[in-house]
Amino acid sequence: MANRVSRRQFMTRSGLALGGAIIAPQVLAACGGGGGDEAATKGVYFENWPEYIDTASDGSVYGPGTTLALFTKETGIPIKYVQTLNDNNEFFAKIQPLLSAGKTIGPNVVAPTYWMAARLLDLKWLDKLPLSKIPNAKNLVSGLQKPPSDPTGDYSLPWQAGTTGIAYNVKATGGKELRSIQDLWDPALKGKVTVVTEMRDTIGLIAMSLGIDISTANTLAQYQPAYDELKKQVDSGQIKQFTGNEYVGPLEDGSTAACIAWSGDVLGMKNPDVRYVVPESGGTLWFDTMTIPKGAPNVDDVAKWMDFVYDPVNAARITAAVRFMSPVQGVQEVLRSKGGEDAVLAENPLLFPDDATKARLHTFANLSDAEEQKMDEAFSKISGA
Amino acid sequence: MGMLSPGVIWLLLFFLVPVLILVKASLSSTPRRFIPPTFSWDWSNYTAAFSQYQPQFVRSFGYAGTATILAILIGYPLAYWIATQGGRFKNLLIGLVVVPFFISYLIRTIAWTSILSDNGPFVGLYRLLPWVGSDGRLLATPWAVIGGLTYNFISFMILPIYVSLEKIDFRLTEAAADLGSTAWHAFRKVVLPLSMPGVFAGSLLVFIPAAGDYINTYYLGSAKTTMIGTVVQDQFLKQQDYPQAAALSMVLMVIITTMVLIYSKFLGTEGLAV
């Protein structure tokens, strides 16, 4: 989840590899200190993931015709946009010392993935959205209203979404089309299957294949059968590796025949032999959110921004650029009406799944700190850490 | 303060302070996840380090040790050849040894995933070996991890060995020959002992980072080849259990220091200033 660009984990890991991996929270606190000074008396300061908004032809996010430029032009509100969110856990480690001490962080809108947003909400580190000033919030697609991560829908609006399912290289599967998680355990694919390091995706898909409802199950005990299945497939050698986005290369060259994969990655692949399916038993739906960190200033300006990007015309511009599922109703129609390449995107089932596929998509239930910890640890044990 | 030499300040800042932070973290406890740990003389992190993560410790030292031996076996002859036969190309050859390391460590490791891939050129040849079946593979095996470690750190073996060989006056071998020694005997009795400081330094420079590495096993290995670095990374960044990660790091550091001390007893560190 939260893997919209292949670059992301890659950059994260290179950062780790080149040192700086071991940073005590105290040190991070020192680095983050004073961030609050940057917030101007007026304006929006949005911290988002890389390559997650449209840019001008020169690559600038503020260039002419971009969503950011149009926003400032239309509302007169300045917006500062940074692409420094690289990893949910690192982001958390950065803001934790400030928010737990009752200080504000610099940005007044941040984009944690839904489960991280749920954690922040649980820790009471989020402020309520001024929904009365965001009339376009009514355009939120029905599937993402009041998700388990934000049961009242008062604290977050989705930014972009995507699905997790099965990707396979039809040449490497010997012409076989895969439809279910059980197909991954086919002895013919032994040692040619990978799963992702994101616990909620790997466990979620396996759990659904075993008939567990992931939108309600919220304890390790309930997921135990999925853990047992995963362990069995790792021990037997059926599963080759746990990966981040690096499954892309092996899947394209066929050395990985099938894997658990993110829709956004598959959308970026050129190989016609690589196919993506949301398993019959269900796939996961993930999304990144826009949330307001506790005590952030200029909330009215933030409301204007959220209202702006929930206008389907603006949302469609972002979708055409970033190619993730839009949480805004009406984007498909806008893209269709634009014609050309945009109209082709409007018919892409990875961006706009049909109703039958949508019905199979589920979002992972909220986990308490204690259960999440147990599930993360059990998952790490199986992946060898 | 004027008495503090730059070296002492450097050690204080970049060694002692981080180690103390680590010690403090390793003896802390977290009543609830995501709440900063508090210092409490909590030794349970250390007992867990020994009781739960033995396989990863064993693999770390096994892989790093094997990689170090391989690096000596490959690096020594290469350094010897460059030092004795390199002639006016010596600097160029040493430059060539170093050139690959201008590229990011991560990129080089990921490149090996294509080279060792199940559809790659090497696996085809490997499967022709009589004891390897048609489903034999290199990627996602311990050998791929050891190979990656050897490759990534071998220049740290070659360079110190080269430097100590370079300092040797090879007229000594001529003298040995004059006194009736065979070439092999002269090498064993004269050159090898004189180059030992290089081998010692190289071994440390390869073994220590290799034992703590987690990148090679992540890309080239599998769930069955994870090393202690994998666990430390996971505990720090995923579980966010700083005390456990700190305790594991401390244990790793103590074991490595002990091994280095024992090793230096055997090889001697005099003349280590290569």
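Just so it is clear, the model here is predicted, and its values are computed rather than measured.

Definitions and limits used
Residues numbered from 1 in each chain as written. Chains lettered and ligands numbered in written order. Predicted model: local features only at pLDDT ≥ 70, side-chain atom pairs only at ≥ 80, totals over all residues. Heavy atoms only, no water. Helix = DSSP H or I, 4+ residues; strand = E, 2+ residues; numbered from the N terminus. Buried < 20%, exposed > 50% of the residue type's maximum accessible area, 1.4 Å probe, protein only. Contact = heavy atoms within 4.5 Å. Areas by Shrake-Rupley, 256 points an atom, 1.4 Å probe, with all protein chains shown as cover. Pairing = 2+ DSSP bridges. Axes fitted to C-alpha atoms, helices over the stretch in contact; angles between N-to-C directions. Domains from an automatic or database assignment. Buried area = accessible area lost by both parts, 1.4 Å probe. Salt bridge = Lys/Arg side-chain N within 4 Å of Asp/Glu carboxyl O. Polar contact = N/O pair within 3.5 Å; in protein donor to acceptor, adjacent residues only side chain to side chain. Phe/Tyr/Trp six-rings, centres within 6.5 Å; stacked < 30°, edge-to-face > 60°. Lys NZ or Arg CZ within 6 Å of the ring centre and 35° of its normal. Right-handed = clockwise from strand over helix to strand, strands pointing away. Parallel < 35°, antiparallel > 145°, perpendicular 65-115°, else oblique. Left-handed = near helix turned anticlockwise from the far one by under 90°. Nonpolar A, V, L, I, M, F, W, Y, C, P; charged D, E, K, R; others polar. Core = buried A, V, L, I, M, F, W, Y, C linked by side-chain atoms within 4.5 Å.

J.: Looking at this structure, how should I read the overall build of chain A?
T.: A tally of helices and strands in chain A yields 16 helices and twelve strands. For chain A, buried positions account for 61% of its 385 residues. Considering only residue pairs separated by 6 or more positions, chain A has 76% of its internal contacts joining residues 24 or more positions apart. Of the roughly 14400 Å² of accessible surface on chain A, 54% is carried by carbon and sulfur atoms.

J.: Please explain the sheet that holds strand E3 (residues 109-110) of chain A as it appears in this structure.
T.: Two strands in a sheet stick together by hydrogen bonds in their backbones, pointing the same way (parallel) or opposite ways (antiparallel). Residues and elements named next belong to chain A. The strand order E2-E1-E3 describes an open sheet built from three strands, whose pairing is parallel. Of all strands in the sheet, those bounded by a partner on one side alone are strand E2 (79-82) and E3. Where strand E1 (residues 44-47) and E2 come together, four bridges link them in parallel fashion. When the sheet's bridge partners are listed, Tyr-45 is paired in E2 with Lys-80. Of the strands in this sheet, E1, E2 and E3 are in contact with helix H11 (residues 299-309), which crosses E1 at around 60 degrees.

J.: Explain the side chain of Thr109(B) to me, please; I cannot follow it from the model alone.
T.: Residue and element names in this part refer to chain B. With respect to the element layout, Thr-109 can be found in helix H5 (residues 105-115). Overall, Thr-109 belongs to the buried group, its relative accessible area being 0%. Apart from the residues within four sequence positions on either side, Thr-109 is in contact with Asn-152, Ile-215, Asn-216, Tyr-219 and Leu-220.

J.: Which parts of the structure should I look at to understand the domain arrangement of chain A?
T.: Accessible area lost during the coming together of the parts is what is often quoted as the interface size. Residues and elements named next belong to chain A. Structurally, chain A comprises domain 1 (2-161 + 287-351) and domain 2 (162-285 + 364-383). With 21 residues of domain 1 at the contact, the number on the domain 2 side is 21 residues. Taken together, the two surfaces of domain 1 and domain 2 that pack against each other cover about 1800 Å², and 52% of this comes from carbon and sulfur. Taken together, the links from domain 1 to domain 2 amount to one salt bridge. In this structure, Glu-372 engages Arg-119 in a salt bridge whose closest nitrogen and oxygen atoms are separated by 3.4 Å. The tally of links from domain 1 across to domain 2 stands at two residue pairs in polar contact (both at pLDDT 80 or more). Mapped by element, the contributors of at least two residues to the side of domain 1 that touches domain 2 are helix H1 (6-17) and helix H5 (114-122). It is H5 that contributes the most residues to the side of domain 1 that touches domain 2, five residues altogether.

J.: Quick question: what am I supposed to make of the side chain of Thr141(B) here?
T.: Along the chain, the position of Thr141(B) falls in the loop between helix H6 (121-126) and helix H7 (142-153). In this structure Thr141(B) comes out as buried when scored by relative accessible area, which is 15%.

J.: Before we go on, may I ask you to explain the interface of chain B and chain A in this structure?
T.: If you look at the interface, chain B gives 40 residues, while chain A gives 45 residues. Buried area between chain B and chain A, summed over both chains or domains, comes out near 3600 Å², and the portion from carbon and sulfur atoms is 55%. Its largest share of buried area at the contact with chain A, chain B owes to Arg33(B), Phe34(B) and Tyr218(B), together 19% of the area lost on that side. Here chain B is connected to chain A by zero salt bridges.

J.: What should I look at first to understand the packing of aromatic side chains in this one?
T.: Any aromatic ring pair is given by two values, namely how distant the centres are and how the planes are angled relative to each other. All names here are of chain A. Enumeration over the complete set of coordinates arrives at 31 aromatic pairs over all chains. Clustering of aromatic rings is evident, with ring pairs tying together Phe-46, Tyr-52, Phe-71, Tyr-81, Trp-159, Trp-286, Trp-305, Phe-308 and Phe-324. Note that Arg-119 overlies the ring of Phe-92, its terminal NZ or CZ placed 4.8 Å from the centroid.

J.: Help me understand the pairing of E1(A) in this model?
T.: Each regular strand carries side chains that alternate between the two faces of the sheet. Residue and element names in this part refer to chain A. The alternating pattern of E1 places Val-44 and Phe-46 on one face and Tyr-45 and Glu-47 on the opposite face, and all of these are buried. One crossover worth recording links E1 to the parallel E2 by way of helix H3 (residues 67-75), and it is right-handed. Of the pairings in the sheet, the one linking E1 to E3 comprises two bridges and is parallel in character. Residue pairing in the sheet places Glu-47 in a bridge with Val-110 of E3.

J.: What should I look at first to understand the pattern of salt bridges in this one?
T.: One side chain can pair with another of opposite charge once the charged atoms of both are near each other. Residues and elements named next belong to chain A. Per the stated rule, a full pass over the model turns up 18 salt bridges over all chains. Among the salt bridges present, the one from Asp-186 reaches Lys-176, with a minimum N-O distance of 3.4 Å. Residue Asp-186 is located in the loop between helix H6 (181-184) and strand E6 (193-196), and its partner Lys-176 is located in the loop between strand E5 (157-169) and H6; the two are separated by ten residues in the primary sequence. Taking relative accessible area as the criterion, Lys-176 reaches 34% and is therefore assigned partly exposed. Beyond isolated ion pairs, a larger network of salt bridges with shared partners links Arg-119, Arg-200 and Glu-372.

J.: Which parts of the structure should I look at to understand the packing of helix H10 (residues 183-212) of chain B against helix H13 (residues 242-267) of chain B?
T.: Working note: a packed helix pair is described by the angle between its axes plus the distance between those axes. Residues and elements named next belong to chain B. At a closest axis distance of 11 Å, the pairing of H10 and H13 adopts a crossing angle of 165 degrees. Taken together, the axes of H10 and H13 are roughly antiparallel relative to one another. For the pair H10 and H13, the sense of crossing is right-handed. Taking contact as the criterion, the partners of Met-196, Val-199, Phe-200, Ser-203, Leu-204, Phe-207, Ile-208, Ala-211 and Gly-212 in H10 are, on H13, Leu-252, Ile-256, Met-259, Val-260, Tyr-263, Ser-264 and Leu-267. Looking at the contact of H10 with H13 residue by residue, the classes come out as 13 nonpolar, three polar and no charged.

J.: What is the right way to read the environment of Lys176(A) from this model?
T.: In this structure Lys176(A) touches Tyr168(A), Val170(A), Asp183(A) and Asp186(A), once residues within four positions along its chain are discounted. A polar side-chain atom of Lys176(A) sits 3.4 Å from a polar atom in the side chain of Asp186(A).

J.: Is there a simple way to explain the nonpolar core in this structure?
T.: Within soluble globular proteins, side chains that are nonpolar tend to cluster in buried spots. One finds Tyr223(A), Leu230(A), Met290(A), Trp305(A) and Met306(A) to be the most contacted residues of the largest nonpolar core, which totals 120 residues. Taken domain by domain, this core gets at least three of its residues from each of domain 1 (2-161 + 287-351) and domain 2 (162-285 + 364-383) of chain A. Discounting chain neighbours no more than four positions away, the residues touching Trp305(A) are Val44(A), Phe46(A), Ile53(A), Thr67(A), Leu68(A), Phe71(A), Ile79(A), Trp159(A) and Met290(A). Counting residues in hydrophobic clusters, the runner-up holds 58 residues, among them Tyr63(B), Ile82(B), Tyr162(B) and Tyr242(B).

J.: What's the story with the packing of H3(A) against H11(A) in this structure? I'm lost.
T.: All names here are of chain A. The contact between H3 and H11 brings their axes to 11 Å, and the two run at 120 degrees. Between H3 and H11, the angle falls in the class oblique. Crossing of H3 against H11: the hand is right-handed. Packed against H3, whose contacting residues are Thr-67, Leu-68, Leu-70, Phe-71, Glu-74 and Thr-75, the element H11 presents Asp-301, Lys-304, Trp-305, Phe-308 and Val-309 at the interface. The residue inventory of the contact of H3 with H11, partitioned by class, reads six nonpolar, two polar and three charged.

J.: What am I meant to see in unusual backbone geometry here?
T.: If a residue is not glycine, its phi is most likely negative; likewise, a peptide bond is most likely trans. Backbone geometry places Lys124(A), a non-glycine residue, at a positive phi of 60 degrees. Inspection of the secondary structure puts Lys124(A) in the loop between H5 and strand E4 (126-127). Unlike most non-glycine residues, Gln240(B) shows phi in positive territory, near 55 degrees. Considering the arrangement of structural elements, one finds Gln240(B) in the loop between helix H12 (228-238) and H13.

J.: So what exactly am I meant to see when it comes to the pairing of E6(A) here?
T.: All names here are of chain A. Where burial is concerned, the two faces of E6 agree: the one with Val-193 and Val-195 and the one with Thr-194 and Val-196 are both buried. As paired elements, E6 and strand E7 (residues 239-243) share four bridges and run parallel to each other. Bridging across to E7, Thr-194 finds its partner in Gln-241. In this sheet, strand E8 (residues 258-262) lies alongside E6 in parallel orientation, the contact comprising two bridges. Paired with Val-193 across the bridge in E8 is Ala-258.

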